[in-house]
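# Observations on chain architecture
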Amino acid sequence: MNIFISQRIALRALMRNKARSVLTIIGIIIGIAAVIAVIAVGQGATIMIKQQISTLGNNVMMIFPGSSSGSGIHLGMGSKSTLTIKDCEAIARECSSVLAVSPMIRVGGPRGQVIYKEKNWRTSVQGIGLDYLTIRSLSVAQGEFFTESDINNAVKNCILGAVVVDNLFPEEERDNVVGKMIRIGGTPFRIIGTLEKKGASAFGQDQDDVILVPWTTASRILQGSSFNNVDHILASSTSTEMIPKTRSEIKELLRQRHNLMDDADDDFTIRDMTELTEMITSTSKLMTLLLAIIASISLIVGGIGIMNIMLVSVTERTREIGIRMAIGARARDILLQFLVESVILSSIGGIFGIILGYSTAKIISGINNWPVSVSPASVIIAVLFSAGVGIFFGFWPAWKASRLDPIEALRYE
């Protein structure tokens, strides 16, 4: 039997029982819609996570000093000062795959208390180098960035994040804070610029609640130190593909500079965003897969509905099947006829399910301000899967119809 003839016969048969066909299709619609919505929201969450991680900078690598130990007690990473500004300069000079390098000195405690007139705010004060903006993908909103002279002379200039500006200055002054004086830890500083808003990082930290100062100023003036040690070093690789090479170059250079023997452990730790991205992305994909599996249960229920309706249809049309066999229809023609009906039911449900699923994902996105992503691949998979459901759950009723005895079928009332 021609497939197009089978389609016309199938549509006529389904139209004879409109209400029953619509109810069966609704089951498939709900199943496909649930799967599409879950996958769209899950993929959107993965995209959002990657975007948040990317706000930390371009191919950022963080080099932390090593751990200290005494009396069998290990105090952990960063408890021992093993990194210096000379290490930072050597990385910039000798590592070919490094795009930019900046030292980092964090100023905490009472020194992080900032005062402007009668207002004050506790924030994170960071001493940085000239390449910091490049590494962190930051830009200056007002004013200018530090110069090499500011770094060399430990000038008491600072750049404020948007949160600090909002909490220190009245609304009418926020657009013109450059040139004003504030006190950081009791020391007067001149504001030379403000940062563009960055928002929260992947770790939930507000990246706008910060004050930047030259690393020399942080070390010599705010901390009162005459040493050139740094809390950690930020480096940026020339590309994502070069990150493994950059790690290797930095590790080899620092081990050489720190005179570490071959069997000695590193007295530093290198972390990059690739590990974090892969870990969070894999977790997000796993959660999406688990939710999709749960949502697929409703699709299985819809498939059982198709099987049920097709078994009823075979019973109701037993005499019709016998007449077709009597005039020459073969068993495979009967099998094909009922399979086509089943696939039509599931395919119609799949198409409307995709529309409903996409609409649901968009509504969720609008309510919760989440991104959603419906890829063409997921749509194609949904259509094929819905057709597969029709074939899988429709095969037994179709096979049962094709195995009927023509004589017995003709006698059926």
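The following paragraphs examine the structure supplied in this document. Note that the coordinates shown come from a computational prediction; the quantities given were computed from them, not determined experimentally.

## Here we look at the packing of aromatic side chains
The geometry of an aromatic ring pair is captured by the separation of the ring centres together with the interplanar angle, meaning the angle of the planes. What the rule picks out here adds up to two aromatic pairs. Pairing Y116 with F169 gives two aromatic rings, centres 4.3 Å apart and planes at 40°, and the pair type is tilted. Residue Y116 is located in strand β5 (residues 113-116), and its partner F169 is located in the loop between α6 (162-168) and β10 (181-184); the two are separated by 53 residues in the primary sequence. No difference in accessibility class separates Y116 from F169, as the two residues are buried.

## Concerning the pattern of salt bridges
One pass over the full model with this rule turns up eight salt bridges. When the shortest N-O distance is used, the salt bridge between R257 and D87 registers 2.7 Å. With a gap of 170 residues between them, R257 in helix α8 (residues 243-257) and D87 in helix α3 (residues 85-94) connect regions that are remote in the sequence. Its salt-bridge partner being E249, residue K245 comes within 4.0 Å of it at the nearest N-O pair.

## A closer look at a nonpolar patch on the surface
A cluster of nonpolar residues, L286, M287, L289, L290 and I293, forms a patch on the protein surface that exposes about 480 Å² of accessible area. With respect to the helices, strands and loops of the structure, L290 is situated in helix α9 (residues 273-316). A relative accessible area of 42% means that L290 is categorised as partly exposed.

## Here's the deal with helix α7 (residues 215-222)
Within α7, six of the eight residues are buried, leaving the element largely enclosed by the surrounding structure. Every buried residue of α7 is listed here: W215, T216, T217, A218, S219 and L222. After α7 finishes, the residue G224 shows a positive phi value of roughly 65°.

## A word on the side chain of D267
Positionally, D267 belongs in the loop between α8 and β14 (268-272). A distance of 2.8 Å separates the side chain of D267 from the side chain of H258, its partner in a polar contact. In this view, D267 contacts P65, G66, T82, H258 and L260; residues no more than four positions away in its chain are not counted.

## Regarding the layout of surface pockets
Its boundaries defined by the atoms lining it, the second largest pocket holds a volume of some 290 Å³. Lining of the second largest pocket is provided by 13 residues; of these, E89, G129, L130, I151 and W215 occupy positions nearest its centre. In terms of residues, the lining of the second largest pocket owes the most to one element, α3, which gives four residues. Of the residues that constitute the lining of the second largest pocket, the class distribution is eight nonpolar, two polar and three charged.

## As for the packing of helix α10 (residues 318-326) against helix α11 (residues 331-368)
For the pair α10 and α11, the least separation of the axes is 10 Å and the interaxial angle reads 140°. Relative to α11, the element α10 lies oblique. Considering only the axes of α10 and α11, their crossing is right-handed. Contacts between α10 and α11 involve I321, R324 and M325 on the former and, on the latter, I334, Q337 and F338.

## Some words on the nonpolar core
Of all hydrophobic cores here, the largest spans 41 residues; its most connected members are I63, I91, I182, I184 and I211. Setting aside residues up to four positions removed in sequence, I184 forms contacts with R111, Q113, V114, V125, C158, F189, I211, V213 and L222. The next biggest cluster of nonpolar side chains, apart from the first, holds 24 residues, and it includes I28, L299, I306 and F393.

## Thoughts on the pairing of strand β13 (residues 232-237)
Most of β13 is tucked away: six of the six residues are buried. With burial as the criterion, each face of β13 is covered, one bearing H232, L234 and S236 and the other bearing I233, A235 and S237. Taken together, the six bridges between strand β4 (residues 98-107) and β13 define a ladder with antiparallel strand orientation. The residue of β13 that forms the bridge with M104 is H232.

## Describing the packing of α3 against α8
Taken N-terminus to C-terminus, the directions of α3 and α8 make an angle of 135°; their axes are 10 Å apart at the nearest point. The pairing of α3 with α8 is recorded here as oblique in orientation. Note that α3 runs across α8; the crossing there is right-handed. Packed against α3, whose contacting residues are K86, D87, A90, I91 and E94, the element α8 presents I250, L253, L254 and R257 at the interface. Across the contact of α3 with α8, the residue classes break down as five nonpolar, no polar and four charged.

Definitions and limits used
- Residues numbered from 1 in each chain as written.
- Predicted model: local features only at pLDDT ≥ 70, side-chain atom pairs only at ≥ 80, totals over all residues.
- Heavy atoms only, no water.
- Phe/Tyr/Trp six-rings, centres within 6.5 Å; stacked < 30°, edge-to-face > 60°.
- Helix = DSSP H or I, 4+ residues; strand = E, 2+ residues; numbered from the N terminus.
- Buried < 20%, exposed > 50% of the residue type's maximum accessible area, 1.4 Å probe, protein only.
- Salt bridge = Lys/Arg side-chain N within 4 Å of Asp/Glu carboxyl O.
- Patch = residues over 30% accessible without salt bridge, like charges linked within 9 Å, V, L, I, M, F, W, Y side chains within 5 Å.
- Areas by Shrake-Rupley, 256 points an atom, 1.4 Å probe, with all protein chains shown as cover.
- Polar contact = N/O pair within 3.5 Å; in protein donor to acceptor, adjacent residues only side chain to side chain.
- Contact = heavy atoms within 4.5 Å.
- 1 Å grid on protein atoms, 1.4 Å probe; cavity = no way out; pocket = protein on both sides within 12 Å on 5 of 7 lines; lining within 4 Å.
- Points joined across faces, edges and corners; volume = space filled by probe spheres on them.
- Nonpolar A, V, L, I, M, F, W, Y, C, P; charged D, E, K, R; others polar.
- Axes fitted to C-alpha atoms, helices over the stretch in contact; angles between N-to-C directions.
- Parallel < 35°, antiparallel > 145°, perpendicular 65-115°, else oblique.
- Left-handed = near helix turned anticlockwise from the far one by under 90°.
- Core = buried A, V, L, I, M, F, W, Y, C linked by side-chain atoms within 4.5 Å.
- Pairing = 2+ DSSP bridges.

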